[in-house]
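Descriptive structure summary
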Amino acid sequence: MTTNPVKPLLEVKNVHAVYGRKIRALKGVSVELHAGEIVALIGNNGAGKTTMLKTISGILTPESGEVLYQGRRISGMEPHRIARLGIAHVPEGRHVFPRLTVMENLEMGAYCRKEASLLDEYRRIFDLFPLLGRRRAQLAGTLSGGEQQMLAMGRALMASPKLLMLDEPSMGLSPALVDKIFDIIRKINQLGTPIFLVEQNARKALQVASRGYVLETGNLALSGSASNLLHNKAVRHAYLGIAG
Amino acid sequence: MLLQQLVNGLTLGAIYSLIALGYTLVYGILMLINFAHSEVLMVGAFVGLGVQLFFPPSLTSGPLGLALVFTLAMAAAGALNVVVERLAYRPLRNISRLAPLISAIGVSIILQNAVFLWVSNQSQTFPDIMKMRSFQFAGADISSLQIVILFTALGLMAALHFFIQKTRVGKAMRACADDMEAAELMGIDTKRIVAVTFLVGGALGGAAGALNGMYYGSIKYNLGFLPGMKAFTAAVLGGIGNIQGAVLGGFILGLLEVAVAGYLPNGAEWKDVIAFVVLICVLLARPSGILGEKIGEKV
């Protein structure tokens, strides 16, 4: 029994979800995330990690089970409504708007914000990603993979989200860039944004996270503090490539 | 002679361009060819006529009348297009690409027959809104009507350009055209943006319908078909989904048609054939059109 008196920010309760036509991608999974945390969700290709994020952001509707955010049920809501509640989902493969400029992409990130001026917001993003500032007039489709990843993250932050979900932010990036992205993830969290991080790079993810969950073919195999998972024999063997 | 043909071609091309924009806007966002668009422009023309019949002449003549006729024709055609999307396309989305296409052809037949049965199956005179004059210029006979048509169309295109490029909703339209799912994740109500796209495309079609009525002086329940198909060709020629392409394709087709009519023996009889020869040639040689991007899988 966990006896945490503080209500979690996000609760996924016993969710079953189908991906595509009939792939049962989640078979009764529960996770939770508290304010301030970085929670890592690791697992192999096809384990259901992306399905989990899509179910939270509303792109997929769970067959059964529910998703609660700030104590309120959000499963079944349209994705744009969930986004407006403060959940920003940076999808796998970045999905920047290729024919919009960097600046316009950022502007779309703040689509729902009512403030007259977003200047402070742009400044905050360009502090975090100086490169985006230099490329602001460029079409997003002409950026490199790493630059697009930064843009996708910056765009999500423009909404000032209360929860940031990142799907494979390090995918396809050079090792140096991977380090840089994880530094930025840590920094975003230190500035106060909780992060739900899906990664195949389990070592990096668990190093930056406070807690972690391990998904295996749609079931939760393990969960615990990130440091415990990093030292868990099964995790080391299956996900960190360490024999023994 | 050449100048005359040029002015005639540009006038016709301006109308085609406006219609082509309706096809291309909708295709750009939904990858759907709205075959009911030709009927939307026809309904716009009939609303333009209705305004002239039901409002007192003092309101429907001169520049004020022009504004009133266009505002109402555009509003009605835009609203009709939104209703068509809501009833006939949206429920079929995510089923197959073919289903909404067939539905569009169905809507087209319904609208044509509705006007045929409820309004008239005969040609109706479309009165002159403004007193028209002719100018002699370098041997060409240019009517003020042509100038009005050309500038109305160019004005609407400029307004569209501003809307798409500079406004928040216009940018959201481009974002949806790029990546609908990502747009939804930004909190953009993509269903609403699709509706706005149909509204704008339909309104441009309605304006084109009214211009068409002014240009030819009469309208009929089936008037949308030929310009609709030609404008569709223009959109494909320019690169369907590409806004500048639709305008370019419309003007090329208008000029080409006038050139065929003016310079080929028996050309006037062949001018309607040329659009479809162009369509087939483009599809064979460069299916992505002049300004269109290579059609590839979205990753």
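In what follows, the accompanying structure is described. (Residues numbered from 1 in each chain as written. Chains lettered and ligands numbered in written order. Predicted model: local features only at pLDDT ≥ 70, side-chain atom pairs only at ≥ 80, totals over all residues. Heavy atoms only, no water.)

Side note on the side chain of Glu11(A)
Quick note on the threshold: A run of H or I in DSSP counts as a helix once it spans at least four residues, and a run of E counts as a strand once it spans at least two, with each numbered from the N terminus. Note on contacts: a residue pair qualifies if any of its non-hydrogen atoms lie within 4.5 Å across the two residues.
The topology assignment puts Glu11(A) in strand E1 (residues 10-19). Apart from the residues lying within four places of it in its own chain, the contact partners of Glu11(A) are Val31(A), Glu32(A), Glu66(A), Val67(A) and Leu68(A).

A closer look at helix H1 (residues 49-57) of chain A
All names here are of chain A. This is how the line gets drawn: Classification of residues uses two cut-offs on accessible area relative to the type maximum, computed with a 1.4 Å probe and protein chains only: under 20% is buried, over 50% is exposed, and between them is partly exposed.
Within H1, 9 of the 9 residues are buried, which leaves it mostly tucked inside the rest of the structure. Those residues of H1 lying buried are Lys49, Thr50, Thr51, Met52, Leu53, Lys54, Thr55, Ile56 and Ser57. Once H1 finishes, glycine 58 follows within two positions and takes phi at roughly 95°, a positive value.

So, the packing of aromatic side chains
Aromatic ring pairs are reported here in terms of the distance separating the ring centres and the angle at which the planes meet. Cut-off, in case you're wondering: Aromatic rings from Phe, Tyr and Trp, taking only the six-membered ring of Trp, are treated as a pair when their centres fall within 6.5 Å; an angle between ring planes under 30 degrees marks them as stacked, one over 60 as edge-to-face, and anything in between as tilted. Here, a charge over a ring is recorded when the distance from Lys NZ or Arg CZ to the ring centre is within 6 Å and its angle to the ring normal is within 35 degrees.
Scanning the entire structure with this criterion turns up 6 aromatic pairs over all chains. Taking the centre distance of 5.7 Å and the plane angle of 55° together, the rings of Tyr23(B) and Phe232(B) count as tilted. Residue Tyr23(B) is located in helix H1 (residues 2-30), and its partner Phe232(B) is located in helix H9 (residues 225-238); the two are separated by 209 residues in the primary sequence. Relative accessible area serves as the criterion here: at 1%, Tyr23(B) is assigned to the buried category. The exposure class assigned to Phe232(B) is buried, which follows from its relative accessible area of 9%. Taken together, a centroid distance of 4.7 Å and an interplanar angle of 85° make the contact between Phe116(B) and Tyr221(B) edge-to-face. Of the two residues, Phe116(B) is situated in helix H4 (residues 98-118) and Tyr221(B) in the loop between strand E4 (218-219) and H9; the sequence distance between them amounts to 105 residues. Of the residues examined, Tyr221(B) reaches a relative accessible area of 16% and is grouped as buried. Put simply, the rings of Tyr23(B), Phe35(B) and Phe232(B) pair up and form one aromatic cluster. Looking at Arg155(A), its charged tip hangs above the ring of Phe97(A), at a distance of 4.7 Å from the centre. A cation sits over an aromatic face here: Arg168(B) above Tyr111(A), 4.0 Å from the ring centre.

A look at a nonpolar patch on the surface
Residues and elements named next belong to chain B. Selection rule: Patch membership requires over 30% relative accessible area and the absence of a salt bridge. Like charges are linked within 9 Å, and nonpolar side chains (Val, Leu, Ile, Met, Phe, Trp, Tyr) within 5 Å. Computed with the Shrake-Rupley method and a 1.4 Å probe, the accessible areas treat only the protein chains shown as cover for residues. Here, a salt bridge means any Lys or Arg side-chain nitrogen found within 4 Å of an Asp or Glu carboxyl oxygen.
On the surface, Leu53, Phe54, Phe55, Leu59, Leu64 and Leu72 cluster together into a nonpolar patch covering about 610 Å² of accessible area. Put simply, the parts of the chain that give the nonpolar patch at least two residues each are helix H2 (37-54) and helix H3 (62-89). Mapped onto the elements, leucine 59 comes out in the loop between H2 and H3. The class for leucine 59 is partly exposed, based on a relative accessible area of 34%.

A look at the interface of chain A and chain B
Much of the literature gives interface size as the accessible area that the parts lose upon coming together. Just so we agree on the cut-off: By buried area we mean the combined loss of accessible area, with a 1.4 Å probe, across both parts when two parts are placed together. For this analysis, a polar contact is any N or O atom pair within 3.5 Å, provided that within protein one partner can donate a hydrogen and the other can accept it, and provided that sequence-adjacent residues contribute only side-chain to side-chain pairs. When residues are grouped by polarity, Ala, Val, Leu, Ile, Met, Phe, Trp, Tyr, Cys and Pro land in nonpolar, Asp, Glu, Lys and Arg in charged, and all others, Gly among them, in polar.
Across the contact, 22 residues belong to chain A and 24 residues belong to chain B. Roughly 2200 Å² is buried in total at the junction of chain A and chain B, and carbon and sulfur atoms are behind 52% of that figure. The largest share of the area that chain A buries against chain B comes from Phe97(A), Arg99(A) and Tyr111(A), three residues that together contribute 31% of it. The salt bridge partner of Arg174(B) is Glu104(A), with a shortest N-O separation of 2.8 Å. Counting across the chain A and chain B interface gives 8 residue pairs in polar contact (both at pLDDT 80 or more). Elements supplying a minimum of two residues to the side of chain A that touches chain B: H1, helix H2 (79-84) and helix H3 (102-109) of chain A. Here the side of chain A that touches chain B is composed, by residue class, of 10 nonpolar, 5 polar and 7 charged.

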